[in-house]
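The chain contents come next:
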Amino acid sequence: MPRLKKTLQSLILFTVVFCAFIAFHEKIFTSGDLSLPKEVGWQERAPRSLSGDYLETNLVEGPGGGKSTATPLPATTSINDLFISVKTTVHYHQARLPVILKTWFQLASQQTWFFTDSEDEEFQKRTNGHMINTNCSSSHNRKALCCKMSVELDTFLDSDKKWFCHVDDDNYVNVERLVQVLGDYNHQEDWYLGKPSIRTPLEILNREPKPHTKVFIHH
């Protein structure tokens, strides 16, 4: 008898729970609200620095009344900040310069200068007057190359440009990419970007004779 009583109690409890479960689900389906909880997207979890109102809310008053951020953005670099120097020689004017003039020179004609070792009226016109005769030797020894480089650097310093870009007449310049890369650097700091042309550091020897020591005897 006690065993039968426990069985009936368990059956009644199961029936009550089952009925409550059915009633709950019927209420949900009849209401028509089957939408799931909204998932928080990446934009809502992103730092405020990526939101549109971050710059406005984090600006502070500057000395002149204007607004500035605690960490200033890097200065933008434009093609007008570049001085592109192309080292060439009279021996390669006809073979190499036409390709440059037909390709990337079209994107930076005002910023590109050609440094050579002889007068050339034809290419002086084709470069819009951007060919400079360095009056250096046309040979390829170190002295001649340094002579041309000195003229390149002097011309760059007189141009008041931010970046000095030196290339040879057999190089192709991706002008757009060059501007993008330089935009990541501060032009007021010293940078050497590129591959050295020699494997070992350059040793500069002083070939001038040592000064003679003179002894003065006072009587």
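Residues numbered from 1 in each chain as written. Predicted model: local features only at pLDDT ≥ 70, side-chain atom pairs only at ≥ 80, totals over all residues. Heavy atoms only, no water.

Looking at an unreviewed UniProt entry, one finds the protein chain named Fringe-like glycosyltransferase domain-containing protein and attributed to Rhodnius prolixus. In UniProt, the protein chain has this text filed under Sequence similarities (unreviewed entry): "Belongs to the glycosyltransferase 31 family." (UniProt positions renumbered as here; feature names shortened; annotations may be inferred.)

Moving on, we get to the confidence of the model for the protein chain. Atom-level detail of predicted coordinates should not be read off regions where pLDDT is low. Per-residue pLDDT for the protein chain averages 77, and the proportion of residues at 70 or more is 61%. Between residues 34-63, whose pLDDT stays under 50, and residues either more than four places distant or in other chains, the model counts 20 contacts. Note that pLDDT drops below 50 for residues 67-71; the model gives that stretch ten contacts with residues more than four away or on any other chain. (pLDDT = per-residue confidence, 0-100. Contact = heavy atoms within 4.5 Å.)

Here we take up unusual backbone geometry. The phi torsion at Asn135 lies on the positive side, around 60°, for a residue other than glycine. Examined against the element boundaries, Asn135 turns out to sit in the loop between strand 5 (131-133) and helix 6 (142-159). Under the relative-accessibility criterion, Asn135 is labelled exposed at 66%. We note that Asp160 has phi near 65°; this positive angle belongs to a residue other than glycine. Along the chain, the position of Asp160 falls in the loop between helix 6 and strand 6 (163-168). (Helix = DSSP H or I, 4+ residues; strand = E, 2+ residues; numbered from the N terminus. Buried < 20%, exposed > 50% of the residue type's maximum accessible area, 1.4 Å probe, protein only.)

Turning our eyes to something else, we now look at the pattern of salt bridges. For the coordinates displayed, the defined rule picks out six salt bridges. A salt bridge links Glu122 to Arg126, with the nearest nitrogen and oxygen atoms 3.3 Å apart. You can see Glu122 and its partner Arg126 sitting in helix 5 (residues 121-126), four residues apart, about one turn around the helix. (Salt bridge = Lys/Arg side-chain N within 4 Å of Asp/Glu carboxyl O.)

Here the focus is the pairing of strand 3 (residues 82-87). For strand 3, a buried count of six out of six residues is recorded, marking the element as mostly surrounded by other parts of the structure. Residue alternation in strand 3 divides its side chains into two sets, Leu82, Ile84 and Val86 and Phe83, Ser85 and Lys87, and both sets are buried. Summarising the sheet, strand 3 and strand 6 pair through six bridges and their orientation is parallel. Bridged to Val86 within strand 6 is Val167. Crossover connection from strand 3 via helix 4 (residues 93-102) to parallel strand 4 (residues 112-116): handedness right-handed. (Pairing = 2+ DSSP bridges. Right-handed = clockwise from strand over helix to strand, strands pointing away.)

A few words now on the packing of aromatic side chains. The full count for this structure, using the stated rule, is six aromatic pairs. Aromatic side chains Phe83 and Phe164 sit 6.3 Å apart centroid to centroid with 20° between the ring planes, which places their arrangement in the stacked category. Separated by 81 residues along the polypeptide, Phe83 in strand 3 and Phe164 in strand 6 bring together distant segments of the chain. Ring centres 5.7 Å apart and planes at 50° place the aromatic pair Phe105 and Phe114 in the tilted group. Both residues of the pair, Phe105 and Phe114, count as buried. Ring pairs connect the aromatic residues Phe83, Phe115, Phe156 and Phe164, which therefore count as one cluster. Taking NZ or CZ as reference, Arg96 lies 3.7 Å from the ring centre of Tyr92, over its face. (Phe/Tyr/Trp six-rings, centres within 6.5 Å; stacked < 30°, edge-to-face > 60°. Lys NZ or Arg CZ within 6 Å of the ring centre and 35° of its normal.)

With that out of the way, let us pick up helix 7 (residues 175-182). Of the residues making up helix 7, those classed as buried are Val175, Val179 and Leu182. Buried residues along helix 7 cover an arc of 70° about the axis, so they all sit on one side. Considering only its buried residues, helix 7 is in contact with strand 3 and strand 6. (Arc of directions from axis to C-beta.)

Turning our eyes to something else, we now look at the side chain of Asp117. Structurally, the position occupied by Asp117 is in the loop between strand 4 and helix 5. Among the polar contacts made by the side chain of Asp117, one reaches the side chain of Thr89 at a distance of 2.8 Å. A polar side-chain atom of Asp117 sits 3.1 Å from the main-chain amide nitrogen of Val90. Leave out the neighbours within four places in its chain, and Asp117 touches Thr88, Thr89, Val90, Asn133, Thr134, Cys136, Ser137, Ser138 and Lys148. (Polar contact = N/O pair within 3.5 Å; in protein donor to acceptor, adjacent residues only side chain to side chain.)

Let us look at the state of the cysteines. A full pass over the atoms with the stated rule returns one disulfide. Linked covalently through their sulfurs, Cys136 and Cys147 form a disulfide whose S-S length is 2.0 Å. Residues Cys136 and Cys147 share a disulfide whose torsion about the S-S bond is about -75°; that sign makes it left-handed. With Cys136 in the loop between strand 5 and helix 6 and Cys147 in helix 6, this pair connects stretches of sequence that are eleven residues apart. Of the residues examined, Cys136 reaches a relative accessible area of 8% and is grouped as buried. Relative accessible area serves as the criterion here: at 30%, Cys147 is assigned to the partly exposed category. Here Cys146 stays free of any disulfide, with the sulfur of Cys147 as its closest cysteine sulfur at 8.9 Å. (Disulfide = S-S within 2.5 Å.)

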